[in-house]
Each structure stands twice: as C-alpha cells, then as structure tokens.
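Architecture and fold: a report
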Amino acid sequence: MSLLELLQGTENHILPERYNHLSDREMEQRITALKAAFGERLFIPGHHYQKDEVIQFADASGDSLQLAQISAANKKAEYIVFCGVHFMAETADILTEDYQKVILPDMRAGCSMADMANITQTERGWTVMQEAFGDTILPLTYVNSTAAIKSFVGKHGGATVTSSNAKKMLEWAFTQKERILFLPDQHLGRNTAYDLGIPLDEMAVWNPIAEKFEFDGDDFDKVKVILWKGHCSVHENFTVTNIEEVRNTKPETNIIVHPECSREVVAKSDYAGSTNYIIKTLEAAEPGTSWAVGTEMNLVNRLTKIHSDKDVFSLNSMMCPCLTMNRIDLAHLLWSLESIEEGRMSNQIIVDPEDSKWAVLALNRMLERA
C-alpha cells in the first residue's frame with residue numbers, strides 16, 4: 001500500500017489543532033517528561049536528515065537500515081517512534097517483534113524516490129523485461145523503497161542494498177544471474193555498476209511511465225544492468241555547474257557527494273560515498289580544510305556546526321532541506337507520544353505479513369553478505 005493510499009480518508013493522521021498553540025519550549029518540556037515516564041518502553045530513532053529540534057530527542061541517530069536494526073535489537077522497547085520517513089518505519093516494523101509497535105509521527109514524511117517505484121509498475125515492467133531477456137535478471141532494490149518492492153525482490157531471488165554495500169551486492173548478484181534490475185534509484189545503480197567496470201553502453205533505463213526501455217547503445221543484447229527510472233529529488237539537484245563554481249572560486253576545496261548524485265557529478269567530485277562515508281570522512285579531515293558537501297541540507301548544516309574547525313558548506317548554495325524527509329517536527333513528535341500515553345496508536349505502521357515475509361528474505365540476503 002502506498003503512502004497516498006494510507007493517507008486517503010484517514011482522519012487520525014491530521015495533527016490536532018491544539019498543538020499549533022504550544023510554544024517550542026512547552027513541547028520540549030512535555031516530550032522530555034514523556035520520555036522519562038516511558039523509560040525503556042520507548043525508543044526514538046532519528047535519521048540523519050531530520051531537523052535538529054527532533055534529533056535532540058533521538059536515542060540513536062543514523063541511516064535508515066542501521067536505525068531499523070538498532071530498533072529490532074532493542075527488545076525492551078514496546079514503542080518505536082521513528083523520526084524518519086515511511087519506508088524507514090516499514091523496515092523497522094518488518095524487523096521488530098510483533099509486540100513492538102512502530103509509529104511514524106507524521107504520515108506525510110516520505111521519500112519521493114521510494115514512491116517512484118510502486119508494485120503495479122514493477123510487476124508490469126518485470127513481465128516486459130522477462131520477454132526481452134528471459135530468466136536472466138536478478139532484481140536488487142535500494143533500501144529506500146517500499147515494503148512491497150522489497151517483497152517483490154525477495155520473491156524473485158534478489159536482495160536489498162544500501163549505498164554503503166551496493167558494490168558488494170552487485171558483485172554477488174552477478175554470480176547469480178547474467179543481468180541486474182536495480183530499483184528505484186538509477187543514479188546509485190549506474191554509479192555502482194560503472195565502478196565495477198560495466199560501461200554505460202551496457203546499461204539500459206526502464207521507464208515505468210512510458211513502459212519502455214531507454215537505451216543509447218549499439219547492441220541491446222549486451223545490456224547487463226537495467227536501471228529503474230527513479231531518482232532522489234535532492235541529490236539530483238547537485239550539478240556539474242555547482243562543481244565548476246566551487247573549483248573556480250575556492251580551488252582548495254574538497255568536493256564530496258552522495259552516490260545518489262548523477263554520474264557526471266560523481267565523476268567530477270573528489271570523493272563519493274554513503275552518508276556514513278561522508279560523516280566519517282569529515283571526522284577524519286584535517287582542521288582548516290575546506291569541504292563542499294553534496295547531500296541533504298539538514299545534515300550539511302549539522303556537519304557545519306560539528307566541524308567548526310573546518311570550512312564545511314553545501315555544494316549547492318541554493319539547496320533546501322528535503323521537503324518530504326523534513327516533515328517531522330516537535331508538534332508531531334509530541335502528538336505521537338501523547339497518543340501512546342492515552343492508549344491510542346496514531347500513525348502506527350503495519351506491514352502486510354506476506355510482504356513482510358518476503359521483504360525479510362531480501363534484507364537477510366544482504367545482511368548475510370554485509
């Protein structure tokens with residue numbers, strides 16, 4: 001079920017009016033008191049891209065899969081209030097125990113990339129791909145995808161990947177089948193395959209809207225990687241022009257970007273890697289060095305504050321925080337905690353058991369090789 005379907009006709013996802021009249025200080029005090037009252041029964045994971053006002057209350061911060069795994073390992077927590085987005089909360093629900101309830105404070109918190117691949121499109125596209133290439137394709141999906149897509153991949157022998165282990169997982173996939181379908185982010189798939197030595201003319205793009213392949217090469221039969229035509233709306237906004245501007249104005253600056261950026265941007269950067277890679281690289285950097293960072297703005301701003309001994313700034317000076325990942329605020333966090341206190345489960349995330357079964361298989365295939 002898509003995020004849109006979950007929202008349609010559901011009144012309990014709307015923030016009650018009373019929260020709009022509370023000051024930040026009042027909400028912070030109430031959240032602090034509720035956390036103390038719940039104790040170990042409550043666990044709040046916070047994704048790197050969340051606002052500072054929310055991250056201050058996180059019991060753990062990190063990337064999406066890491067937080068889902070930490071949540072699953074925390075057997076004392078009855079309530080997982082996930083400060084992230086919908087697909088992250090789904091993964092937490094898949095991995096946690098039945099008695100643990102996963103709550104997403106704001107159901108509008110989503111990922112436009114994950115929503116670019118729905119199960120109906122995927123099943124229809126898969127039929128065309130099988131007609132074109134036969135039983136030679138193994139599907140892989142970025143963890144930034146819905147539970148239904150993870151389930152589809154699990155059913156067809158594939159696995160999930162993260163931006164940290166995508167290279168390792170593609171190497172494994174090629175031991176299983178001749179070709180790979182990579183969902184839903186074409187840029188991570190293209191950059192990873194290219195780093196493995198697969199030329200661009202052996203990659204095709206599947207356009208789920210037009211329901212056709214996009215291919216510029218000379219020999220379609222040589223295609224090794226099929227890239228789903230999806231992207232991150234934030235990372236796609238970092239451009240070669242941004243890089244050229246930094247090179248011209250601050251030539252001493254190191255440029256580090258996330259592999260969800262385009263191939264051209266990654267190729268012209270000094271470093272490219274996962275969110276964790278970016279964080280660790282800046283931690284290890286010498287004081288006084290300059291860094292232009294190509295990733296989500298909340299994280300860049302946080303890194304700028306943390307590394308005050310370095311010059312850290314966004315590669316794109318016009319960038320703003322991700323609109324869908326930036327939804328959760330103090331009011332929604334407080335509402336979710338007070339709902340639990342009152343015995344109501346507003347915005348609980350529950351993955352269909354059948355989807356959960358196959359999605360776990362896809363996740364475990366990755367974790368076994370991590």
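This one's a predicted model, so the numbers in the text were calculated from it and none came from an experiment. (Residues numbered from 1 in each chain as written. Predicted model: local features only at pLDDT ≥ 70, side-chain atom pairs only at ≥ 80, totals over all residues. Heavy atoms only, no water.)

Re the overall build of the chain
The number of helices and strands found in the chain is 15 helices and 15 strands. Counting the 370 residues in the chain, one finds 55% classified as buried. Taking contacts inside the chain between residues at least 6 apart in sequence as the whole, the part at least 24 apart equals 67%. Accessible area for the chain stands at about 15800 Å²; split by element, carbon and sulfur atoms hold 49% of it. Distance from the positive charge centre (35 side chains) to the negative charge centre (53 side chains) of the chain: 3 Å. (Helix = DSSP H or I, 4+ residues; strand = E, 2+ residues; numbered from the N terminus. Buried < 20%, exposed > 50% of the residue type's maximum accessible area, 1.4 Å probe, protein only. Contact = heavy atoms within 4.5 Å. Areas by Shrake-Rupley, 256 points an atom, 1.4 Å probe, with all protein chains shown as cover. Lys, Arg positive; Asp, Glu negative; His and termini not counted. Charge placed at Lys NZ, Arg CZ, Asp CG, Glu CD.)

Side note on helix H5 (residues 86-95)
Counting buried positions over the 10 residues of H5 gives 10, a clear majority of the element. Where H5 is concerned, the buried positions are His86, Phe87, Met88, Ala89, Glu90, Thr91, Ala92, Asp93, Ile94 and Leu95.

A closer look at the nonpolar core
Within the largest apolar cluster, 100 residues are counted, with the highest numbers of intra-cluster contacts made by Val81, Leu140, Val293, Leu315, Met325 and Leu333. Tallying contributions element by element places helix H14 (residues 330-341) first for this core, with 7 residues. In contact with valine 293, not counting residues within four places along its chain, are Phe238, Ile256, Ile278, Leu282, Val300, Val312, Phe313, Ser314 and Leu315. Residues Phe133, Phe152, Ala204 and Trp228 belong to the second largest nonpolar core, which totals 17 residues. (Core = buried A, V, L, I, M, F, W, Y, C linked by side-chain atoms within 4.5 Å.)

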